[in-house]
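So you can see what is in the structure, the chains are spelled out below.
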Amino acid sequence: MATVPVSLAGRFQGSFAYFTIKDRLPQILTKVIDTLHRHKNEFFEEHGEKGIEAEKNTISILSKLRNELQTDKPLVPLDDKLCDVPLWNQYLEYQQNLLDGNEQPSWFQSPWLYVECYMYRRIHEALVHNPPLDDYDVFKEAKVQSFFESQQAIIALCTYLQELLKNIEDLDEKQLQEEFFRLLQVSLWGNKCDLSFSAGEDNFQKASSLKALDNLKTFILVDDTEDIWSLLINSKKRRTSKDVTRVDIVLDNAGYELITDLVLADFLLSSKLVTEIHFHGKCIPWYVSDTTKQDFNWTVKQLQSANNRWISRCGMNWEGSIKKGVFVYHDHMFWTLPHEFCSMAQVATDLYTELQKSHLIIFKGDLNYRKLTGDRKWEFTVPFHQALNKFHPAPLCSLRTLKSDVQVGLKPGQGEQFVTSEPDWMICGKYGVVQFDASL
Ligand SMILES: O=P(O)(O)OC[C@H]1O[C@](O)(CO)[C@@H](O)[C@@H]1O
Ligand SMILES: [Mn+2]
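Residues numbered from 1 in each chain as written. Chains lettered and ligands numbered in written order. Predicted model: local features only at pLDDT ≥ 70, side-chain atom pairs only at ≥ 80, totals over all residues. Heavy atoms only, no water.

Participant: Where do I start with empty space enclosed by the protein in this structure?
Facilitator: Remark: the empty space left among the atoms is shown by a probe the size of a water molecule rolled over them. Per the counting criterion, the structure on display carries three cavities of 30 Å³ or more. Of the pockets and cavities examined, the second largest cavity occupies roughly 50 Å³. Listed by contribution, the elements that provide at least two residues to the lining of the second largest cavity are α6 (140-149) and α12 (293-304). For the lining of the second largest cavity, the element with the highest residue contribution is α6, accounting for four residues. Tallied by class, residues from the lining of the second largest cavity come to four nonpolar, two polar and three charged. (1 Å grid on protein atoms, 1.4 Å probe; cavity = no way out; pocket = protein on both sides within 12 Å on 5 of 7 lines; lining within 4 Å. Points joined across faces, edges and corners; volume = space filled by probe spheres on them. Helix = DSSP H or I, 4+ residues; strand = E, 2+ residues; numbered from the N terminus. Nonpolar A, V, L, I, M, F, W, Y, C, P; charged D, E, K, R; others polar.)

Participant: Whenever I open this one, the site of ligand 1 confuses me. Can you help?
Facilitator: Not every one of the 17 residues close to ligand 1 is listed here, only the nearest: E116, D366, L367, R370 and K403. Side-chain polar atom of N253 to an oxygen atom of ligand 1: 3.0 Å apart, as the coordinates give it. Between R370 and ligand 1, the recorded distance is 2.5 Å, taken from a side-chain N or O atom to an oxygen atom. Contact with the protein chains covers 99% of the free accessible surface of ligand 1, which is 390 Å². Sorting the residues of the shell around ligand 1 by element identifies α1 (16-38), α5 (112-128) and α16 (365-372) as the ones contributing at least two each. Among the elements that line the shell around ligand 1, the one with the most residues is α16, at four residues. Here the shell around ligand 1 spans two domains, since at least three of its residues come from each of domain 1 (16-129) and domain 2 (139-437). (Near = heavy atom within 4 Å. Polar contact = N/O pair within 3.5 Å; in protein donor to acceptor, adjacent residues only side chain to side chain. Areas by Shrake-Rupley, 256 points an atom, 1.4 Å probe, with all protein chains shown as cover. Domains from an automatic or database assignment.)

Participant: What am I meant to see in the coordination of the manganese ion (ligand 2) here?
Facilitator: Six octahedrally arranged donors around a metal ideally form angles of 90 or 180 degrees; four tetrahedrally arranged donors ideally form angles of 109.5 degrees. Distances from the manganese ion (ligand 2) to its protein donors, D252 (OD), N253 (OD1) and D290 (OD), fall within 2.1 to 2.3 Å. All donors of the manganese ion (ligand 2) belong to a single chain; written as a sequence motif, their spacing is D-N-x36-D. One end of the pair, N253, is in the loop between β2 (246-250) and α11 (256-270); the other, D290, is in the loop between β3 (276-281) and α12, and 37 residues separate them in sequence. Residue class for N253 comes out buried when judged on its relative accessible area of 1%. According to the relative accessible area criterion, D290 is buried, its value standing at 2%. (Donors = N, O, S within 2.8 Å, 3.2 Å for Na, K, Ca; no water. Buried < 20%, exposed > 50% of the residue type's maximum accessible area, 1.4 Å probe, protein only.)

Participant: Mind showing me how you'd approach unusual backbone geometry here?
Facilitator: Backbone phi values are negative for most residues with the exception of glycine, while trans is the configuration of most peptide bonds. Of note, the amide linkage connecting P131 to P132 takes the cis form, showing an omega dihedral of 10°. Tracing the backbone through its elements, the reader meets P132 in the loop between α5 and α6. At D72, a position not held by glycine, the phi torsion is positive, near 55°. Position of D72 relative to the elements: it lies in the loop between α3 (49-70) and α4 (85-97). Even without glycine at this site, Y287 takes up a positive phi of about 45°. Within the element layout of this structure, Y287 appears in the loop between β3 and α12.

Participant: Explanation requested: the sheet that holds β2 in the structure shown.
Facilitator: Each strand in a sheet pairs with its neighbour through backbone hydrogen bonds, running either in the same direction (parallel) or in the opposite one (antiparallel). Spatially, the seven strands line up as an open sheet ordered β1-β7-β6-β5-β2-β3-β4, and their pairing is mixed. The open sheet has two free edges, formed respectively by β1 (220-223) and β4 (327-331), since each of these has just one partner strand. Geometrically, the sheet is characterised by an average inter-axis angle of 15° between neighbouring strands, direction not taken into account. Across four bridges, β2 lies against strand β5 (residues 360-364) in parallel orientation. Looking at the pairing, I249 lines up with I362 of β5. (Pairing = 2+ DSSP bridges. Axes fitted to C-alpha atoms, helices over the stretch in contact; angles between N-to-C directions.)

Participant: What is the right way to read the side chain of R239 from this model?
Facilitator: Within the secondary structure layout, R239 lies in the loop between α10 (225-238) and β2. Nearest to the buried, unbridged R239 among oppositely charged side chains is D243, at 6.6 Å. Setting aside chain neighbours within four positions, we find R239 in contact with T245, K272, L273, V274 and T275. (Lys, Arg positive; Asp, Glu negative; His and termini not counted. Salt bridge = Lys/Arg side-chain N within 4 Å of Asp/Glu carboxyl O. Contact = heavy atoms within 4.5 Å.)

Participant: Where do I start with the pairing of strand β7 (residues 432-437) in this structure?
Facilitator: Along any regular strand the residues' side chains alternate between the sheet's two faces. Burial of β7 is extensive: six of the six residues sit out of reach of the surface. The side-chain alternation of β7 yields two buried faces, one formed by G432, V434 and F436 and the other by V433, Q435 and D437. Here β1 runs beside β7; their pairing, made up of three bridges, is parallel. Bridge pairing in β7 links V222 to V433. As judged from the six bridges shared by strand β6 (residues 396-401) and β7, these two strands associate in the antiparallel manner. If you follow R400 over to β7, its bridge partner there is V433.

Below you can see the structure in the form of structure tokens.
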């Protein structure tokens, strides 16, 4: 195997990984503890004393976890009944084997990607150990709030889509292409709205992103949209009535970002660029705002029952698409493991085989980008293809706003220019990329 650079990690003092592990992750744990505390009465009303007991135990486990993190304690094996436990514990052993005999994997020493994923899995473990809170989503409240706070932007986007669908049959190829470019960018910028980046603080879409698109163009550092368009339009032209064209969207955040993804999906279907969309979400609450099956279903239901007719029409159409089987929701535990995507073929062969059926996989967001590239110290100019490290289930693209310090596929000098002019360019969420890799 060709050598790959080292993983980003908290041991690189002053790096974004260091800052995240030192400050942002403990803040997120504190918010989780606070959420449980605030819902105490609700747990009592629903479950009586058992609910209170579970809340107390969970809080004490999480406080201990926060302490382990802040004092850089060794990572310990997971111990609950979920089916991913052996894989997590094998991964710990694997990390252990990478070290000298006397060292142990720990919060600041081990790869950032690993320890950050591990924290979310440990939060889940704390709840799993404490029924009746075992399926309680501690981030649900924040996700619901951010959904409602983005109402204006959601209205604007759903209205736009419904107007567009009225005469979509009459659009010529050029017009279709323009709409595709527009809605792909809306979905890209929708990725600004995640809640883990802001350590659980408000981060909702205040205004319609449609109007801002032209001004935002200069912030797209790599834009391979033309290549993605060629792939889609060519497959539409070649398609016979029996053929399927399938696009997979590996989802990121619930709330406004999910709406932008559903709007893009609806457009792709209605324009007959594709015939099926497969969505992939998380099995457990993850990185605060990531979409679970429950969030997905809740969102479609909320839209259906909205007062605004355009929003409710979107909700009904999407419910219809789910029933018809042209919108398909999947979840797989691989998405909540710490592994880089280049190990998917070995670790989750079934998922890899499923993704091979796709004509195009769209990976949303920053965390997916980190997993695509292995979250390593790549040179900015390394080709995206190389950073994927043989992960090629199907043609794929990443729509991601930059919120962590890994970036590949830039032109010579492009990254260096920012390093001096705008030192936080990779972590401020202001820049985005649309990166495509076709080769198998
Ligand atoms: O929702 P996204 O776009 O994957 O972002 C998740 C965030 O969490 C992080 O992993 C950092 O904690 C960043 O990479 C990013 O800011
Ligand atoms: Mn996310």
